[in-house]
Amino acid sequence: MIFNFEKIQKFYSEFKYKIDKVKSIINRPMTYSEKILYAHIDIKKINELKELESYNKKYFSYLNFYPDHLAMQDATAQMAILQFMQTKKNKVFIPTTIHCDHLIYARYGKIKDLKNSKKENKEIYDFLKSASNKYKIGFWKPGSGIIHQVILENYAFPGGIIVGTDSHTPNSGGLGMLGIGIGGAEASEIMSGYFLELKVPKLIGVILSGKISGWASPKDIILKLSGKIGVTGGHNSIIEYLGDGTKNISCTGKATICNMGAELGATSSLFPYDFNMKNYLINNDREYISNIIDDNNINNYLKSDIEVYDNPNNFYDKVIKIDLSTLEPHINGPFTPDKSTPISKMKKEYKKNNWPNKIEVGLVGSCTNSSIEDLLKVINIIRQAKKKKLKIKSEYLVSPGSNKIYYLLEKNGLINSFKEFGAKIFDNACGPCIGQWKREGINNNKNTIVHSFNRNFSSRNDGNPKTHAFIASPEIVTSLVLSGRIDFDPRKDSLINEVGEKVKLEEPKIINIKKSKFSLKELGYEHPNNENTSIKINKNSKRLQFLSPYPSYDIKNFLNIRLLIKVKGKCTTDHISTAGSWLKYRGHIENISNNLLIKAINYFNNKINNIKNVITGNYDTVPSTAKFYKTNNIKSIIIGEENYGEGSSREHAAMEPRYFGVCVVLVKSFSRIHEINLKKQGILALTFLNSYDYYKIQEEDIFNINIKDIFPNKYIIIDIIQKNNEKYRILAKHSYNEKQIQWFKHGSSLNFIKKNNLI
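About the cut-offs
- As a convention, each chain's residues are numbered from 1 in the sequence order in which they are written.
- Confidence filtering applies because this is a predicted model: local features only for residues at pLDDT of at least 70, side-chain atom pairs given and counted only at 80 or more, and all residues used for totals across whole chains, interfaces and linings.
- In computing side-chain values, all of the structure's heavy atoms are included and hydrogens and water are not.
- To define axes, lines are fitted to C-alpha atoms, for helices over the stretch in contact only, and angles between the resulting N-to-C directions are given on a 0 to 180 degree scale.
- Starting at the N terminus, helices and strands are each numbered in turn, a helix being any DSSP run of H or I of at least four residues and a strand any DSSP run of E of at least two.
- Note on angle classes: values under 35 degrees are labelled roughly parallel, values over 145 roughly antiparallel, values of 65 to 115 roughly perpendicular, and the remainder oblique.
- Two helices crossing with the near one rotated counterclockwise from the far one by less than a right angle form a left-handed crossing, whereas a clockwise rotation gives a right-handed crossing.
- The contact definition used throughout considers only heavy atoms, calling two residues in contact when any of these lie within 4.5 Å.
- By definition here, a helix of n residues has an expected span of 1.5 Å times n minus one.
- In this scheme, a residue with accessible area under 20% of its type's maximum is buried, one over 50% is exposed, and one in between is partly exposed, where area comes from a 1.4 Å probe on protein chains only.
- Grouping buried Ala, Val, Leu, Ile, Met, Phe, Trp, Tyr and Cys residues that are joined through side-chain atoms within 4.5 Å yields what is termed a nonpolar core.
- Strands are treated as partners if at least two bridges between them are detected by DSSP.
- Salt bridge, as used here: a side-chain nitrogen of Lys or Arg that lies within 4 Å of a carboxyl oxygen of Asp or Glu.

(A) Representation of the packing of helix α4 (residues 74-85) against helix α8 (residues 184-191) within the structure. Following both chains from N to C, one finds α4 and α8 inclined at 50°, their axes separated by 8 Å at the closest point. The angle between α4 and α8 falls in the class oblique. Where α4 crosses over α8, the two elements pack in a sense that is right-handed. In this structure, α4 contributes Ala80, Ile81, Gln83 and Phe84 to the contact, and α8 contributes Gly184, Ala185, Ala187, Ser188 and Met191.

Here you go:
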């Protein structure tokens, strides 16, 4: 089926005119990112772009954009739909899809896991399906595939903007489409016809030269880049790739790179349109898109202008160069995706850091590396292993990216090849990547796993904080399980086979397979029906709960606020609202709130989920203490360090503290999505003017915060009273514009929008 054909056709027919109009106003060449962004603003507002050309003003400004598509995965879609229901709209304003990929377990194997997951999650799937029918949302049923792979195959198109309730939505940048992760509140607003408000991003240009060879892969580009700029290096920026090296990377390889840009804090990542993207469209029965591009003569509009390529330093805020001809495989981790180790240095690094060398499990899949290209390279290694009489030394788990990929493998006899190799095939879902792996027999022991996923935070994959998770390409993961060691380098090291011979692996190549076409029913898509469906939730349900609007604040000063927790060190959304077994409560605000910050470390005692109730003097869990404060009408504050809220787009990490009466989160710095989620939910998101003030704060401090005179670009005064009645004052910054201040004053963005009839 051709999805959204008329909309795409109309978009391309107007694209050239819009870009030419913008250029006539700003009077300069444009990067590809700018072309896409400015093609999605209200045509009546284009004249305002002239005012943004001042560097200082540009990057402190917000613009309103109208995306082409909204995608939601099943874990985040629940709250998004529940919030959308508050708008009283009859249908979605924008083409929207729901993808059931997060709630599927990974334990026994594809068939049994899918059957069990459907049974256990029936209430949720029925809710999402009925909402899809009622509001005219496309529905990709359980087992159809991972959201970003399905989007790439069926919906992404060069020059467009897609927003999604998942932080890895930028995966679409591999097909030249700007993808932006958002929270459920933003999704509900966009479904209602409201715009996407986005702070004008800075631009990072990554110039790729040369050509990848040997065991290196597109994954190694982003693994290397993450080591260069770190998990905050892309904050409030779009990473745009350019240079001749981009032409030597496949569409799915580009998608892998864009996908993991989220690990650098980037707003999005993007590649220019080229013949590799055109071939991908053709191979996925979407040649009509490339034909429309050709018919409208806009190929050169779907990339940066030639002047940008000639003088990139004049157009990007930062320029980074990577020579692909010298790129070697990388292995990143453990515990953070930006600890990057070239494979040639792993023998030294694992000893120096006392990492377990033995690999217990190797895993291939996730939205980052589950494409047909990835798995066909792996098959090449599997065939080599069979020919060379090699057996795996570690457990080996594989999750294909979609039904289309699984069926292609199956029709070509390659699923059996995986099984003969010793692999366990999980369903076409996120599974182990997001903590849905029911791993057995680890008992919190120190151990090493290696996977092709995107994140490797502590406890993320299997719930064990002692699991050292490393990230590598599918090819490297597969070679490592043949050795059973993290220090194995397939370029140089030999293996001993079953008959005692010393053998070496050859660099992997993509094998050729027969192509097939599949119906939408086979792929797992269901059209919304025309029935007037009602949505019902059992009042005794433990998994779904209707939402009520948050109360607005009495906008005087916030007085007598007590400290809930001062978080020590890295605090991702996994720490704030852990996934895994808690995913089942994502549609029930009361129950999901019982996991608030249960993985965070208390600064004062170095313990996890153990904080002081300053009223009773007793120590208890974070949720229990937060519940006590809420019951006793005590407002509270959370204190954190750098890049607070790093990781997924899950807005539960903002909704849970709001539910418990947390009114302020004060940190050294925020991740982009989490900061906007806090704002949307009506929590005051502040950063220390002086980051050293973080260390002054004590366990029993009382906070008085001057919010009467909150204005854009004006510091917030915080007076702190210590246990001994000593008083001191600190200043905090914020990034609220005038409209966002109204969100805060009304108790949430949705309250403000509804009250002012903006949807």
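(B) Just helix α9 (residues 218-229), in detail. A rise of 1.5 Å per residue sets the reference length of α9, with its 12 residues, at 16 Å; its end C-alpha atoms lie 17 Å apart and thus fit the reference within 8%. Most of α9 is tucked away: nine of the 12 residues are buried. All of the buried residues in α9 are Pro218, Lys219, Asp220, Ile221, Ile222, Leu223, Leu225, Ser226 and Ile229. In the segment just after α9, Gly230 is the residue with positive phi, at about 80°.

(C) Here's a closer look at the nonpolar core. Judged by nonpolar contacts, the single largest core of 186 residues is most densely connected at Tyr12, Leu225 and Phe418. Those residues in contact with Tyr12, other than ones at most four positions away along the chain, are Phe157, Pro158, Ile289, Ile292, Ile293, Asn296, Ile298 and Leu302. By size, the runner-up hydrophobic cluster in this structure holds 53 residues, among which are Ile561, Ile637, Ala654 and Phe688.

(D) Region of the structure containing the sheet that holds strand β11 (residues 318-323). Reading across from one edge, β10-β9-β8-β11 is the order of the four strands in this open sheet, with parallel pairing throughout. At either end of the open sheet lies a strand with only one pairing partner, and these are β10 (268-270) and β11. Adjacent strand axes in the sheet meet at a mean angle of 20° when their direction is disregarded. Relative to β11, strand β8 (residues 202-209) runs parallel, the two sharing six bridges. Bridging from a neighbouring strand, Ile204 pairs with Lys318 of β11. Where α9 meets the sheet, its contacts fall on β8, β9 (237-242) and β11, and the angle it forms with β11 comes to roughly 135°.

(E) The pattern of salt bridges, seen in detail. Counting across every chain of the model gives 34 salt bridges. In this structure, Lys110 and Asp427 form a salt bridge, with 2.7 Å as the shortest nitrogen-oxygen distance. Of this pair, Lys110 sits in helix α5 (residues 110-120) while Asp427 sits in the loop between β16 (423-425) and β17 (447-451), placing them 317 residues apart in sequence. Grouping residues by exposure puts Lys110 and Asp427 together as buried. Linking Asp285 and Lys517 is a salt bridge whose minimum nitrogen-to-oxygen distance equals 3.8 Å. Pair noted here: Asp285 is in the loop between α11 (275-283) and α12 (287-295) and Lys517 is in the loop between β20 (502-503) and α19 (520-523), with a separation of 232 residues, a long-range link. Lys517 gets classed as exposed once you look at its relative accessible area, which sits at 67%. Within this structure, Lys23, Lys35 and Asp305 form a network of salt bridges that share partners.

Read these as layout, nothing more, since geometry by itself doesn't imply function.
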